[in-house]
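Chain by chain, the residues run as shown.
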Amino acid sequence: MTMERAMWIDNAHVGPAEGGWIDSEDPATEEVLGRVPAGTAADVDRAVAAAQTAAEEWRYTAANDRAELLHEVVARSMGHLDELVELLTREQGKARPEQEEEVEWALTSLRYYAELGRNGLGRVIPSGEPRTQLNLVLKEPYGVVGAIIPWNYPLLLLSWKLAPALAAGNTVVIKPSELTSLVTLEWVERCFGHLPAGVVNVVTGTGPDAGEALVRHPAVRVIAMTGSVATGQHIASVAAPMMKHLHLELGGKDAFVVAHDADLEAAADAVTYAALINAGQVCTSAERVYVPAAARDEFAEAVASNVAALRLGPGLEAGTDLGPLAADRFRTKVDGHVADAVRDGARILTGGRAPERAGYFYEPTVLVDVQDRMRIMTEETFGPTIPITTYDHLDEVISRVNASEMGLGATLRSSDPAVIKRFYEAVKVGTVWINDPLTDNYAGPFGGMKMTGGGRELGPEGLETFLETKHVHWDLDPTPKEWWLPYHDGDDADVPA
Ligand code: NAD
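About the cut-offs
- Residues numbered from 1 in each chain as written.
- Predicted model: local features only at pLDDT ≥ 70, side-chain atom pairs only at ≥ 80, totals over all residues.
- Heavy atoms only, no water.
- Near = heavy atom within 4 Å.
- Polar contact = N/O pair within 3.5 Å; in protein donor to acceptor, adjacent residues only side chain to side chain.
- Areas by Shrake-Rupley, 256 points an atom, 1.4 Å probe, with all protein chains shown as cover.
- 1 Å grid on protein atoms, 1.4 Å probe; cavity = no way out; pocket = protein on both sides within 12 Å on 5 of 7 lines; lining within 4 Å.
- Sits in = over half its atoms within 2 Å of the grid points.
- Helix = DSSP H or I, 4+ residues; strand = E, 2+ residues; numbered from the N terminus.
- Domains from an automatic or database assignment.
- Contact = heavy atoms within 4.5 Å.
- Buried area = accessible area lost by both parts, 1.4 Å probe.
- Salt bridge = Lys/Arg side-chain N within 4 Å of Asp/Glu carboxyl O.
- Nonpolar A, V, L, I, M, F, W, Y, C, P; charged D, E, K, R; others polar.

A word on the site of the ligand. Lys 175, Ser 228, Thr 231, Leu 250 and Glu 380 are the nearest of the 29 residues found near the ligand. A distance of 2.8 Å separates an oxygen atom of the ligand from a polar backbone atom of Ile 149. Residue Gly 207 places a main-chain N or O atom 3.4 Å away from an oxygen atom belonging to the ligand. Contact with the protein chains removes 91% of the 840 Å² of surface that the ligand exposes when unbound. In this structure, the ligand is accommodated by the largest pocket. Of all the elements in the fold, those that place two or more residues in the shell around the ligand are helix H7 (207-216), strand E11 (220-226) and helix H8 (229-239).

Here it is as structure tokens:
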């Protein structure tokens, strides 16, 4: 039996009026799992109106009370953990251990911002008239935040926006991905229902309809969006005339560099994880691998033997390492990148095709003899590929890493401090991992440079994103000042005729 879910607006279910339904599939079986309303601009208007009304009260709810309400979300989520993980796995696809981690990390984000929100980020600065004046730098919520979410980590990336936005005193209208709306509704309905009505709302639907209506709505002053560069560019162009505050976390093309001193077996294990977690559908997946020419064969063979041993399967099946891709169109793109590379001279060591079975699976693929000009080295592949190329000198590889128009992250495997320092100073990316790729630390910012968008999530930066700055000059002495107009003393005899 398939699930049917309504939207969640003002703490109530809202079904489809004009928009009809959107099906959500299990990518491991291609079966329809359920359906959600295809929200329209009218649904967005309704959600934003509810969020605007709620924002008046939420802003004045004590930060300590907001913190307790966010901790209650965590407690409720813990009570529904199994159901959440199961639905997330069925709708999104990746292996169950990775889904468990996703939920755990999403809850960590809530705990972190619940506490950080208690502190506030404003300050009192020394005033120009210290005896009578106060200068207050206030950090206040924007009001209504629009959160537009992708499908690859639907709950985690939602939590990175929702937790700080709420802790900062904003209300939120969420537009989940069309591919992962069921699990988003499940989480919000079950675990955020104790928040006052209108504080958290979900409008499901397509990007061009529901998503764009949210971007266009004049009362939504902040759009926090994670997704592709193309969608981010479009959102920026729509939002520019309204001078909206944009927080964009866009695509990546992360490099993985094996230094001359690196242990090759350990580097092969690290890249297998960095490239293939979530079947390569991570914004920070290692998508370009650089190894010293002399070490290429030994390294590539070690990677290929790791990869050949991995098990493809439905995320819920015990022993699965890699689930399917999220939709058929993503598999077509991955296969196109592999085919182009092979046509241009690359060699497949393992993988390189879709297995014959139901579901959008693609075999994890290791390629060598890859050139920097190939699409698989320049465009985001977002799939289970490990294209390996060679280099000779550190500065050469740094300039090739920096040749990408995107700048999300990069990994270096090395134990040589001089190499490590030169690398992390010179690469133009938002996160550098030395030896342990793709780890997050909630106290530190995450985001990219260049076309990746420049937004920052996590850490105090992730809270600051949802706060506007206001400077208050407060004079406690209301008597007129001697430096005010007029500048003359009132004696007209001084004025030239
Ligand atoms: P996408 O850009 O297709 O969609 C992202 C969201 O934007 C979805 O909710 C979609 O419905 C919405 N959208 C689409 N068109 C819209 C429009 N015209 N107006 C408003 N909203 C619109 O991305 P995706 O396929 O869901 O996710 C994969 C992409 O996300 C990859 O490029 C990946 O690198 C990127 N990503 C980046 C980060 C990061 O932190 N930088 C993290 C995860 C994923």
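And the narrative resumes.
Assigned domains within the protein: domain 1 (3-250 + 466-473) and domain 2 (254-434). Between the C-alpha centres of domain 1 and domain 2 there is a distance of 32 Å. Residue-level contacts link 20 residues of domain 1 with 24 residues of domain 2. For the pair domain 1 and domain 2, the summed buried area comes to about 1800 Å², and 60% of that belongs to carbon and sulfur atoms. Contact with domain 2 buries surface across domain 1, with Pro 27, Ala 28 and Trp 151 losing the most and accounting together for 26% of the total. Linking domain 1 with domain 2 are zero salt bridges. At the boundary of domain 1 and domain 2, one finds eight residue pairs in polar contact (both at pLDDT 80 or more). When residues of the side of domain 1 that touches domain 2 are traced back to their parent elements, those giving at least two are helix H3 (81-92) and helix H4 (96-119). Of the residues assigned to the side of domain 1 that touches domain 2, the class counts are eight nonpolar, five polar and seven charged.

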